[in-house]
Amino acid sequence: MSIDSVIAEMYGMVSFEPGTRPDWTRQMDIFVPDARLVRVNDEGVFEFTPETFRRNFESMIDSGVLPSFWEREIWRETHQFANIAHVLSAYETRWTRAGDVINRGVNSIQLFERDGDWWISAMIWRRDGKSVQIPETAPAAKIDNNAR
């Protein structure tokens, strides 16, 4: 799979309409088994493996908090060097594909290529919050050469 198809699959994997569930078999096609996933929001920092993320997501569905969910990419920056890549991907979420936007966020995704396929090894994401607003378009690159 290409980087583009892995990112599309990542968003498609968690999206589901009312009365259905995410197709978790797709998760195994894009994440390495021991990938690190970290959700950051105003409530704190939450760490997962692909398996614990799936269980957490399913518990929200079972409790009725998440009766449906739709997520789509709104912009992306990709930096690739040979067989490693970093993707900064902004997204918006809705309850259904045609519903109103309920929030936005940014995924920071680390990938590597092995045997012609790209795999996600780590992902951290932050959604809009009290003092954090996701820009409508990719921010201009800023490099701080004095950072230590």
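Here goes a summary of the coordinates provided. (Residues numbered from 1 in each chain as written. Predicted model: local features only at pLDDT ≥ 70, side-chain atom pairs only at ≥ 80, totals over all residues. Heavy atoms only, no water.)

### Some thoughts on the sheet that holds strand 4 (residues 84-94)
Adjacent strands of a sheet pair through backbone hydrogen bonds, lying either parallel or antiparallel.
Phase 1 of the analysis: An order of 2-1-6-5-4-3 is seen for the six strands of this open sheet, with the pairing classed as mixed. Every interior strand has two partners, whereas the edge strands, strand 2 (44-48) and strand 3 (70-81), have only one. Sheet twist, expressed as the average angle between the axes of neighbouring strands with direction ignored, equals 20°.
Phase 2 of the analysis: Contacting strand 1 (31-41), strand 3, strand 4, strand 5 (101-114) and strand 6 (117-127), helix 1 (residues 3-14) crosses the sheet at an angle of about 155° to strand 3.
Phase 3 of the analysis: Taken strand by strand, helix 2 (residues 50-63) contacts strand 1, strand 2 and strand 6, and its axis lies near 50° from that of strand 1. (Pairing = 2+ DSSP bridges. Helix = DSSP H or I, 4+ residues; strand = E, 2+ residues; numbered from the N terminus. Axes fitted to C-alpha atoms, helices over the stretch in contact; angles between N-to-C directions. Contact = heavy atoms within 4.5 Å.)

### Describing the pattern of salt bridges
Phase 1 of the analysis: Overall, the coordinates contain 13 salt bridges when judged by the stated rule.
Phase 2 of the analysis: For arginine 126, the salt bridge is made with aspartate 42, and the minimal N-O distance between the two is 2.9 Å. Placement of arginine 126 in strand 6 and of aspartate 42 in the loop between strand 1 and strand 2 is noted, with a sequence separation of 84 residues between them.
Phase 3 of the analysis: Residue classification places arginine 126 among the partly exposed positions, given a relative accessible area of 21%.
Phase 4 of the analysis: By relative accessible area, aspartate 42 is classed as partly exposed at 33%.
Phase 5 of the analysis: A salt bridge links arginine 55 to glutamate 51, with the shortest nitrogen-to-oxygen separation between them at 3.4 Å. In this pair, arginine 55 and glutamate 51 both sit in helix 2, four residues apart, roughly one turn of the helix.
Phase 6 of the analysis: If you follow the salt bridges from partner to partner, you end up with Asp4, Glu73 and Arg76 in one network. (Salt bridge = Lys/Arg side-chain N within 4 Å of Asp/Glu carboxyl O. Buried < 20%, exposed > 50% of the residue type's maximum accessible area, 1.4 Å probe, protein only.)

Keep in mind these numbers describe shape, not what the thing actually does.
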